[in-house]
Amino acid sequence: MAVSGGVDSMVLLHFFQRFAHKRYDCTFAAAHLDHGLRAESFAQAESLADYCQQQGIPLLRERRTPRRTHRQSSLEAQARSTRYAWFAQRRQSDGFDAVLTAHHATDQLETALMQWVRGTSVPQGMRPLKHLTFEGVELPVVRPFLSVSRSDLEGYCRHYGLPYWEDRSNQDSGFMRNRLRSQVLPLLRLENPGLESTITEHTLVLQQEQDYLRSSMLAHYSQCVSPRQDYSQAENQHPCQEATFTLHLQPFDLLHIAIQRLLIKEILTDLNAGVWKVFTTRHIEAILHLSVSQNRKALQLPLGVVITKSKQGLVFRRVHAGEVSPDSR
């Protein structure tokens, strides 16, 4: 399981130390990747190692600086990608079944709010189980605490007197999540003190509805798009610089607009090897407008994605840096 040393992950570690064998009939190990981004991170990693040794908990530990996987990715995203790639490598070498993370209901609330503010996707938050792929290795990610609030985890931590180490970056207002946490959520909780529970229920409903819509979209994908390359669950992959996808408008025009939007998102995700967050609802609507436009012939999007209109339909491709596409502004 992923253990950063914060309150939530230490509770996860302690909980599974108590119940892994007798309740779940499984074994586990703590996994800690130190990115070396904070002066105190090495000392905290040492303290975590001492704790695990005292408790007889196996610890997988390494120090690895985040690697830049895309020019527009944030440091936070780079660290996350590096961390999960390491988990995938350890799964391949050590043979464990899944990685557990301590994401909780307050994280879910913040994530859904960030998705809504950024406009990159339907605000459905994180899933209790998600299958990722890193460099060809499948990595099931399990989040058992998504219905538990941070305040409940803090209460557990106090009750058992667990050690934990604060990450000073959680107070850095340069991160959007921290700004929402300190400035926006207190105001929202005045209107609804049970906000975590409300969002937890709503995100589950949205996830189920999106699963149904996506299954409907995939049933039409092969009829509307050529070729088919599925990178939708991939992480830490290199975008396909030479790949092209053609969206055939005749069958596409017959679909419900909700399916059309999901189909366009799938093409963009496949074209960019799983990278989606830079695209917004505004980009989707621009592509829909291009599909019915009588005048406009091309559209340029982030990540060097260019969409051109031809007799065959809309052609999606990635251009090299410096390549100019006519009529794409």
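Residues numbered from 1 in each chain as written. Predicted model: local features only at pLDDT ≥ 70, side-chain atom pairs only at ≥ 80, totals over all residues. Heavy atoms only, no water.

Colleague: Would you take a moment to explain the packing of aromatic side chains for this structure?
Modeller: The geometry of an aromatic ring pair is captured by two quantities: the separation of the ring centres and the angle between the planes. Taken as a whole and assessed by the stated rule, the structure comprises 10 aromatic pairs. For the ring pair F15 and F16, a centre distance of 5.8 Å and an interplane angle of 70 degrees mean the geometry is edge-to-face. For F15, a relative accessible area of 18% translates into the label buried. Of the residues examined, F16 reaches a relative accessible area of 10% and is grouped as buried. Taken together, a centroid distance of 4.7 Å and an interplanar angle of 40 degrees make the contact between Y156 and Y160 tilted. Of the two residues, Y156 and Y160 both sit in helix α5 (residues 150-160), 4 residues apart, roughly one turn of that helix. (Phe/Tyr/Trp six-rings, centres within 6.5 Å; stacked < 30°, edge-to-face > 60°. Buried < 20%, exposed > 50% of the residue type's maximum accessible area, 1.4 Å probe, protein only. Helix = DSSP H or I, 4+ residues; strand = E, 2+ residues; numbered from the N terminus.)

Colleague: Explanation requested: the packing of helix α9 (residues 257-271) against helix α10 (residues 281-292) in the structure shown.
Modeller: The angle between the axes and the distance between the axes are what describe a pair of packed helices. Interaxial distance between α9 and α10 falls to 10 Å at its minimum, and their mutual angle equals 110 degrees. By the criterion of interaxial angle, the relationship of α9 to α10 is roughly perpendicular. Contact residues: α9 offers I257, Q260, R261, I264, K265 and L268, while α10 offers I284, E285, I287 and L288. (Axes fitted to C-alpha atoms, helices over the stretch in contact; angles between N-to-C directions. Parallel < 35°, antiparallel > 145°, perpendicular 65-115°, else oblique. Contact = heavy atoms within 4.5 Å.)

Colleague: For this particular structure, what's the right way to read the nonpolar core?
Modeller: Across soluble globular proteins, nonpolar side chains have a tendency to be buried as a group. Counting residues in hydrophobic clusters, the biggest one holds 30 residues, and the most contacted among them are L247, F252, L263, L268, I287, I307 and F316. Looking at this core, the elements that each hand over two or more residues are α7 (195-224), β8 (244-247), α8 (249-252), α9, α10, β9 (298-301), β10 (305-309) and β11 (314-318). Element by element, the count of residues in this core is highest for α9, at 7 residues. (Core = buried A, V, L, I, M, F, W, Y, C linked by side-chain atoms within 4.5 Å.)

Colleague: How should I be thinking about the environment of I57 in this particular structure?
Modeller: Summarising the element assignment, I57 is placed in the loop between α2 (41-55) and β2 (59-63). Separated by 28 residues in the primary sequence, I57 and A29 place their C-alpha atoms 6.4 Å from one another. In contact with I57, not counting residues within four places along its chain, are L13, Q17, F28, A30, Y51 and C52.

Colleague: What should I look at first to understand the pattern of salt bridges in this one?
Modeller: Side chains carrying opposite charge are able to pair once their charged atoms draw close together. Inspection of the entire model under this criterion finds 13 salt bridges. For R63, the salt bridge is made with D34, and the minimal N-O distance between the two is 2.5 Å. One end of the pair, R63, is in strand β2; the other, D34, is in strand β1 (residues 30-34), with 29 residues separating them in the sequence. The exposure class of R63 is partly exposed, given its relative accessible area of 49%. For D34, a relative accessible area of 6% corresponds to the buried category. One salt bridge in this structure joins R38 and D167, with 3.1 Å as the shortest N-O distance. One end of the pair, R38, is in the loop between β1 and α2; the other, D167, is in the loop between α5 and α6 (176-191), with 129 residues separating them in the sequence. D167 sits in the partly exposed class, given a relative accessible area of 25%. In the salt-bridge network here, residues are joined through shared partners; they are R38, E40 and D167. (Salt bridge = Lys/Arg side-chain N within 4 Å of Asp/Glu carboxyl O.)

Colleague: What am I meant to see in the sheet that holds β9 here?
Modeller: Strands belonging to one sheet form pairs held by backbone hydrogen bonds; the direction of such a pair is parallel or antiparallel. The 5 strands lie next to each other as β6-β8-β11-β10-β9, forming an open sheet whose pairing is antiparallel. Pairing within the sheet leaves two strands with one partner each, and these edge strands are β6 (225-226) and β9. Here 5 bridges tie β10 to β11, and the two strands are oriented antiparallel to one another. Residue K309 lies in a different strand from β11, and its bridge partner there is L314. Helix-sheet contacts for α9 involve β6, β8, β9, β10 and β11, and the interaxial angle to β8 is about 170 degrees. Against the sheet, α10 engages β9, β10 and β11, with an angle of about 170 degrees to β9. (Pairing = 2+ DSSP bridges.)

Colleague: Whenever I open this one, the confidence of the model for the protein chain confuses me. Can you help?
Modeller: When pLDDT is low, close inspection of the predicted coordinates is not appropriate. Taken as a whole, the protein chain shows an average pLDDT of 88; of its residues, 89% reach a score of 70 or greater. Counted against residues more than four places away or in other chains, residues 229-241, with its pLDDT under 50, gives 48 contacts. (pLDDT = per-residue confidence, 0-100.)

Colleague: Help me out: how do you make sense of helix α3 (residues 75-94) in this one?
Modeller: Residues spaced three or four apart along an α-helix face the same direction, because each turn holds 3.6 residues. Its 20 residues place the ends of α3 28 Å apart at the C-alpha level, agreeing with the 28 Å of an ideal helix rising 1.5 Å per residue. Within α3, the full set of buried residues consists of Q78, A79, S81, T82, Y84, A85, W86, F87 and A88. On the buried face of α3, the contacting elements are β1, β2, β3 (99-100), β4 (129-134) and β5 (137-142). Within two residues after α3, G95 carries a phi angle of roughly 75 degrees, on the positive side. (Expected span 1.5 Å × (residues − 1).)

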